[in-house]
Number of protein chains: 2
Amino acid sequence: MSSMLPVGPPSSLLLPLHVPQRLLLGPGPSDVSPRIRAAGALPILSPMAPETFQIMDDIKKGIQYAFQTQNPLTIAVSGSGHCAMETALFNVVEKGDVVLIGVKGIWGERAADIAERIGAEVHLLTKPPGEAFTLKDVEKGLSEHKPSLFFITHGESSSGVVQPLDGFGELCHRYNCLLLVDSVASLGGAPIFMDKQGIDILYSGSQKVLNAPPGTAPISFSEAASKKMFSRKTKPPSLYVDMSWLANYWGCDGKPRTYHHTGPITNFFTLREGLAILAEKGLEPSWQMHRENTLRLHKGLEALGLKLFVKDPELRLPTVTTVSVPVGYEWKDIITYLMKNHSIEITGGLGPSAGKVFRIGLMGYNSTQANVDRVLDALRDALKHCPKSKI
Amino acid sequence: MSSMLPVGPPSSLLLPLHVPQRLLLGPGPSDVSPRIRAAGALPILSPMAPETFQIMDDIKKGIQYAFQTQNPLTIAVSGSGHCAMETALFNVVEKGDVVLIGVKGIWGERAADIAERIGAEVHLLTKPPGEAFTLKDVEKGLSEHKPSLFFITHGESSSGVVQPLDGFGELCHRYNCLLLVDSVASLGGAPIFMDKQGIDILYSGSQKVLNAPPGTAPISFSEAASKKMFSRKTKPPSLYVDMSWLANYWGCDGKPRTYHHTGPITNFFTLREGLAILAEKGLEPSWQMHRENTLRLHKGLEALGLKLFVKDPELRLPTVTTVSVPVGYEWKDIITYLMKNHSIEITGGLGPSAGKVFRIGLMGYNSTQANVDRVLDALRDALKHCPKSKI
């Protein structure tokens, strides 16, 4: 049959799909484990099938465990971690609300951008990349601006900082403020206790420690956050992430589930398996594994003469390590060398840390001694062979 | 290691994942073909890897072919078809804009809801489910309300209607109005010509005729739509689907790509394969296959004494068929019988068609003579064994 169509089939699409095998030791996505990849090849289910609801219930419970929360309003949104950030802000913030954003890397900048689009009055609390906020910093911001919401990143993957969170919930609540925490890059790798630490909204991603493909993002809301959310005067800007719809779709509101959107069912399978692997291993062993392998990496980097970007060892994120670009080298040369000669991905900085650091991720399935040794060997090789200017 | 955690690992998550094999002949998702399932099990790539960009370029070209458009601004959004609907409205509509929404099923209702959240002045043009709009209907609405955007569904999966589109673009443009078309349930199954028909914004989904898992949604913008979008006075409500960011991430703006969000890479693999299969087969043979198999289904349904819900044969969607619930039967009994005894999913109505119809989908990989015969046999069996009240 000869075609009369104005636009013909593209030739590049008629070639086979090419997906090389890599070792992804950047800040995420991390490698998807074989068990999770197998789940990604399963037959599809209807979004309204009882088996789908069972898998969604499993996901909900898995998130409650990973977050250490009893919140009934715990779901996965149908999008990336960025979509979860919007879900949090879109549902809890209304036009005119005062919002305080802790900015110590790119994620705070993005949260501020979203809050501004909502029409909130946005105030920034900033720290140079590589540092963390103290309770005193935050109390100053709370007393000065009287926000109804404070945003902070737990695992700041752009700078390699883990933000201590003890006391922040209590502090925020004393100022009648909800605490919103981004744990996309830290969940499962660094301890976090949603209920105990008084976190009101917590979200994460599927593609870091959980080793599932990107496309779903866990999120949970405390009773206080739910109250603010469900007593708002206006509808949230988005229907796609409107929590009154999503709470129903995820069986959180006690009513029969109705169709909202077609969830990414296959990604539910893979997220479910990522959460199951974490539950089987246990959070504490997972935290310990990340700590130990990252310490091994840190020692090895220092033995190579490299400098860790985060000065305070207590503030170093156990999932993503930032390394200062060594004097005399071009950061791009080293990254390219690792990819070309070792099929290992590490990345440069992002936002405020761009050009200053490499970022090396060891997350979940990828957090092994063997991978630490492999990336150290590759870096040693790169430092030997990449061009170095005289200083 | 004994755990001291307040929330323990959930027991249901420690059981194996259970995903039964079904034949999904509802309105979508349709079965994922073995080749596409295999793509879903491939190793992950970085969102900024050159191989990922190549796959995204392939997707863009595949969408241009499926849409029959030369628009450079053609991408897949990282969400469901619903997310694409929001992407269209969020980017092209500003607060105070006048928007006309054609409502002949649930999708128009949803579009109206989203436009209202933006703060647009929303007018509805309605048709009873099972019917389609005429040029005259639309011209009346355009001349009365002077909208800057008109929304219409091509494949109205809730009622089983395919909306004729010839002349609608020209008509809208005469009234200085952009034409936005939803082709989630029709793309690849019923002819559509974005450029020739003057469609300004067209979007679809991955999980219907393309047989990929849900989680990505093709979308394209004409030059006129891009002009309105990129000359707007305010930022779109969402950063996640802000087309100025997404155009860059998809290599549509001629600038180096920068990190925006972590796209659902694995879903890009599967969407790419779905589009490749369509390009290999060819659009015209695909349209013909859907038409023939659906006609075979229609004949078989009538031979069983069942009535098609859409009276005008020209308006029957070649992907999703609506059948009036036969007098004396409960619609739920028949659907449950098919699932329980034949592992076949067909569904009830949705929104305005709820309780009135069954919906049977034959999409892409599922559009075969064998599947037509299988669902007809199952229905024959169900009509024999399901309880029937005396009339």
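Residues numbered from 1 in each chain as written. Chains lettered and ligands numbered in written order. Predicted model: local features only at pLDDT ≥ 70, side-chain atom pairs only at ≥ 80, totals over all residues. Heavy atoms only, no water.

Inclusion rule: UniProt positions are given in the numbering used here, feature names are shortened, and annotations may be inferred rather than shown by experiment.
In the nomenclature of an unreviewed UniProt entry, chain A is known as Alanine--glyoxylate aminotransferase of Leptobrachium leishanense. Of the comments in the UniProt record for chain A, the one headed Sequence similarities (unreviewed entry) reads "Belongs to the class-V pyridoxal-phosphate-dependent aminotransferase family." Recorded in UniProt for chain A, the comment headed Subunit (unreviewed entry) runs: "Homodimer."

### Re the overall build of chain A
Heads up, the condition is: Starting at the N terminus, helices and strands are each numbered in turn, a helix being any DSSP run of H or I of at least four residues and a strand any DSSP run of E of at least two. Between the two quantities, the radius of gyration covers C-alpha atoms and the globule rule is 2.2 Å times the number of residues to the power 0.38. Accessible area is worked out with a 1.4 Å probe on protein chains only. A residue is then buried under 20% of its type maximum, exposed over 50%, and partly exposed in between. Here, two residues are considered to be in contact whenever any of their heavy atoms come within 4.5 Å of each other.
Scanning chain A from N- to C-terminus turns up 12 helices and 14 strands. The C-alpha radius of gyration computed for chain A amounts to 22 Å, which stays within 12% of the reference 21 Å derived for 391 residues, consistent with globular compactness. Projected onto its principal axes, the C-alpha coordinates of chain A cover approximately 70 × 65 × 50 Å. In chain A, which comprises 391 residues, the proportion classed as buried is 68%. Considering only intrachain contacts with a sequence separation of at least 6, the fraction spanning at least 24 residues in chain A is 72%.

### As for the pattern of salt bridges
Residue and element names in this part refer to chain A. This is how it is decided: A pairing counts as a salt bridge when a side-chain nitrogen of Lys or Arg comes within 4 Å of a carboxyl oxygen of Asp or Glu.
What the rule picks out here adds up to 28 salt bridges over all chains. In this structure, the salt-bridge partner of arginine 257 is aspartate 57, at a minimum N-O distance of 3.0 Å. Placement of the pair is arginine 257 in the loop between helix 8 (243-249) and helix 9 (265-281) and aspartate 57 in helix 2 (residues 50-67), with a sequence separation of 200 residues. Overlapping salt bridges bring together Arg35, Asp58, Arg272, Glu273 and Glu280 as one network.

### A word on the domain arrangement of chain A
Residue and element names in this part refer to chain A. Stated formally: An automatic or database domain assignment is the source of the domain bounds shown. Simply put, the buried area is the total loss of 1.4 Å probe accessible area from both parts when two parts are fitted together. Here a polar contact means two N or O atoms within 3.5 Å. Within protein one must be a hydrogen donor candidate and the other an acceptor candidate, and residues neighboring in sequence count only if both atoms are side-chain atoms.
Domain boundaries assigned for chain A yield domain 1 (23-30 + 282-385) and domain 2 (34-279). With 27 residues of domain 1 at the contact, the number on the domain 2 side is 36 residues. Summing both partners gives a buried area of about 2,400 Å² for domain 1 against domain 2, and 65% of it is carried by carbon and sulfur. When the buried surface of domain 1 facing domain 2 is broken down by residue, Leu283, Trp287 and Leu315 rank first, second and third, together holding 27% of it. Here domain 1 and domain 2 share 16 residue pairs in polar contact (both at pLDDT 80 or more) between them. Taken together, the elements giving at least two residues each to the side of domain 1 that touches domain 2 come down to helix 10 (283-303) and strand 11 (320-324). By residue number, the principal contributor to the side of domain 1 that touches domain 2 is helix 10, which donates four residues.

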